[in-house]
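Summary of the model geometry
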Amino acid sequence: MISIDLIQKTAETLMDKAAIEIPDDYLSGLKSAAKTEDGDLSSFVLQAMLENYQAAKEDRRAMCGDTGTPRWYVKMGNKTQIEGGPIALEAALRRATANATNGVPLRPNRVHPLWRTDHNNNVGIGAPEIEYGYEPGGEWIDLITVHKGGLFGTDYRMLFPSDGIQGIKRFYLDSLVAFGKRGLACQPAIIGIGLGGCKDTCMVLGKRAACLRVVGDRNPDPKIAALEDEFKELGNSIGMGAMGFVGKNMVIDCNIEVGYCHTGGMQMSVHAFCLSSRRAVARVHADGRVEYRTDPEWFTDYQRRDTIEWHPEMAAAE
Amino acid sequence: MKVREVRLSTTPTPEAIADLRLGDIVYLDGLLYTAREGVYMRALEEQANIPMELPSQSAANFHCSPAAAIREDGSFDMGAVTATASFRFAKWLPEWIAKTGAKLIIGKGGMSSRDYKEYFVPNGAVYLSTVGYGTGALLGRGIEKVEAVHWQDELGLAQAMWVIRCNRMGPFIVASDMEGNCLFERENAKIVQNLDRVYEGTRPAVLKRYGETDDRSDEVIG
């Protein structure tokens, strides 16, 4: 049984970490980009961002004034039990979100879409989102918070099998260029692409590809992994850099996730996780241990399974 | 080419404005205030009295919602500040600039050269862009003091009018000049020359979107 107080306390720490500490994988990626960048203005921007991450950590202040829209991805082992059950868990995550909004402080971004009511705590109808995943073994809970920023850089399109890879490339370039101009997408970013599923799941796949996979990670399907490499290079060959200035770096990495779709279609979504790639993760064990990390490790063999039954021995044999 | 750094008052002289060049890096001293759609609607559409003396106290309008909280004792805790995209405010800006004498519009992404020529230049105003985006922690370090917050009950913390005393707050980038030139459009024009090569071999989608264009010099704003 995992203590609900420990979950709330851990969640509050995660809110703080996500807002303030740039994850190491993204930081390394941006440092590599800064080394290759030769556009005057885009170089200046990348250097300023590197200084900014340092200032945020030193001062313990949010790295960006737009602290995004906090959300939770929760993953549990098959044997995990939470004190008070799922209702208590959701209440604890909502409390942690509200407390940290005031405590860090974060920007109270969340408002009612029509009445613009602001509770000043990032909690409201459907906010924060809480999404769930499960794994076959274990008695732990993974708390993952992502505070994705930005109103730009995300798009969806219904493509068809006849559009092929060249159609996918076209929409990818359209999305990068449209939202890269003037730096609306806050690039260079981790770009997530969702392919297939239905319209909603396609968006979910692309968003998770951007937010729940780290720089350097590759899809286990070697052909998709090759596409990820190709798309990263393609994005960086546009000639556009940070803020839409002339430069070489738009894409810190490109992650692609797929889901089975309608036989007639080929849904595609593109998501840009901005220069402040806010994500933080903790695993809380039944014995009270808490381990912090920045890799969500969301996309496991189990999450990507394509069979009816789950046969762990199959995964072990691979 | 190395970038040029400039320190600028938030109540700048016409000479100081005229001296700014596209791409200059600016650090600000003095009072600035945040105002975006909430403030514009309240001041311009609902005709509420603006709770500051403008432009004598400040001629610098920041398109910003800070990551900030008001403590129980009434004090302010402002951590990071960055800008929000400005193009959405073109509806109110001409009237706002005329009414308040704003000389520095500070935000994200700039406006179009048409906006600059139509109502920035005639009012002696320029656009400063935040950097990144966004260098929230660096800009936060430039806050000497939060002087006041207005209309937080009516508009909420994110849309309220925050009055900030800055000390070498920056960096910002000069994104327009007194001829109405636009830094972002200048960069777009260079980049678009390369786009046909990058797109080579790709295919337009079989299902069109109504109103879609393949003109790659287009922008999604304005």
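None of the values given here were measured: they were computed from a predicted structure.

1. Re the sheet that holds strand β6 (residues 251-259) of chain A
Residue and element names in this part refer to chain A. Pairing is mixed in the open sheet, where four strands are placed in the order β4-β7-β5-β6. Each edge of the open sheet carries a strand with a single partner, namely β4 (155-159) and β6. Sheet twist, expressed as the average angle between the axes of neighbouring strands with direction ignored, equals 15°. Relative to strand β7 (residues 266-273), strand β5 (residues 189-196) is paired through six bridges, and the arrangement is antiparallel. Its bridge partner being in β7, G192 is matched across the sheet by H271. Strands in contact with helix α7 (residues 222-236) are β5 and β6; relative to β6, the strand with the most contacts, it is inclined by about 140°.

2. What about the UniProt feature "domain: Fe-S hydro-lyase tartrate dehydratase alpha-type catalytic" (unreviewed entry) in chain A?
The feature "domain: Fe-S hydro-lyase tartrate dehydratase alpha-type catalytic" (unreviewed entry), as annotated in UniProt, sits at residues 9-282 of chain A in this numbering. The annotated region residues 9-282 of chain A carries 40% helix and 21% strand content, and the separation between its end C-alpha atoms amounts to 11 Å.

3. Details of the nonpolar core
Membership of the largest hydrophobic core comes to 149 residues, with the highest contact counts inside it found for V45(A), A62(A), L143(A), A189(A) and L128(B). If we ignore the near neighbours within four places in the chain, the residues touching A62(A) are A19(A), I20(A), A56(A), T67(A), V104(A), L106(A), A67(B), G79(B), A80(B), G136(B) and A137(B).

4. As for the domain arrangement of chain A
Where interface size is given, it is often the accessible area lost as the parts come together that is meant. Residue and element names in this part refer to chain A. One can read the domain layout of chain A as domain 1 (4-17 + 62-149 + 279-317) and domain 2 (150-273). The distance between the C-alpha centroids of domain 1 and domain 2 comes to 24 Å. Every contact between the two is made by nine residues of domain 1 and, on the other side, nine residues of domain 2. Classifying every residue of the side of domain 1 that touches domain 2 gives five nonpolar, one polar and three charged.

5. Quick word on helix α6 (residues 152-159) of chain B
Regarding α6(B), the residues found buried are L155(B), L157(B), A158(B) and Q159(B). The secondary structure elements touched by the buried residues of α6(B) are α2 (37-45) and β4 (67-70) of chain B.

6. Quick look at the environment of I190(A)
All names here are of chain A. Structurally, I190 is set in strand β5. Placed 59 residues apart in sequence, I190 and N249 show a C-alpha to C-alpha distance of 11 Å. The contact partners of I190, leaving out residues within four places of it in the chain, are Y26, A210, V215, I252, D253, N255, F273 and S277.

7. A word on the UniProt feature "domain: Fe-S hydro-lyase tartrate dehydratase beta-type catalytic" (unreviewed entry) in chain B
UniProt marks residues 3-185 of chain B with the feature "domain: Fe-S hydro-lyase tartrate dehydratase beta-type catalytic" (unreviewed entry), using the numbering shown here. For the annotated span residues 3-185 of chain B, helix accounts for 26% and strand for 32% of the residues, and the straight-line distance between the end C-alpha atoms is 19 Å.

8. As for the sheet that holds strand β1 (residues 69-77) of chain A
In any sheet, the strands associate via hydrogen bonds between backbone groups, in a parallel or an antiparallel arrangement. Residues and elements named next belong to chain A. One open sheet holds the five strands; their spatial order is β2-β1-β3-β8-β9, and the pairing between them is mixed. The open sheet has two edge strands with one neighbour each: β2 (130-135) and β9 (290-293). Pairs of neighbouring strands in the sheet enclose a mean axial angle of 20°, with direction left out of account. Sheet analysis places strand β8 (residues 279-284) next to β9, joined by four bridges and oriented antiparallel. Its bridge partner lying in β9, V284 is registered against V290.

9. Quick word on the interface of chain B and chain A
Facing the 51 residues of chain B at the interface are 56 residues of chain A. If you list the elements that add at least two residues to the side of chain B that touches chain A, you get β4, β5 (76-80), α5 (136-141), α6 and α7 (183-199) of chain B. Of the residues forming the side of chain B that touches chain A, the biggest block, nine residues, is contributed by α7(B). Classifying every residue of the side of chain B that touches chain A by side-chain character gives 27 nonpolar, 17 polar and seven charged.

10. Here's the deal with unusual backbone geometry
Note the cis peptide between V104(A) and P105(A), where omega equals -10°. At the junction of G132(B) and Y133(B), the peptide bond is cis and its omega measures out at 10° in the coordinates. You can see Y133(B) is positioned in the loop between β7 (126-130) and α5. In this structure, C186(A) is a non-glycine residue whose phi angle is positive, near 50°. Checked against the element boundaries, C186(A) lands in the loop between α5 (164-180) and β5. A positive phi is found at Q47(B), a non-glycine position, where the angle reads about 60°. The class of Q47(B) is exposed, set by 7 C-beta atoms lying within 10 Å.

Cut-offs applied
- Residues numbered from 1 in each chain as written.
- Chains lettered and ligands numbered in written order.
- Predicted model: local features only at pLDDT ≥ 70, side-chain atom pairs only at ≥ 80, totals over all residues.
- Pairing = 2+ DSSP bridges.
- Helix = DSSP H or I, 4+ residues; strand = E, 2+ residues; numbered from the N terminus.
- Axes fitted to C-alpha atoms, helices over the stretch in contact; angles between N-to-C directions.
- Contact = placed C-beta atoms within 7 Å.
- UniProt positions renumbered as here; feature names shortened; annotations may be inferred.
- Core = buried A, V, L, I, M, F, W, Y, C linked by C-beta atoms within 7 Å.
- Buried ≥ 20, exposed ≤ 12 C-beta atoms within 10 Å, placed from the backbone.
- Domains from an automatic or database assignment.
- Nonpolar A, V, L, I, M, F, W, Y, C, P; charged D, E, K, R; others polar.

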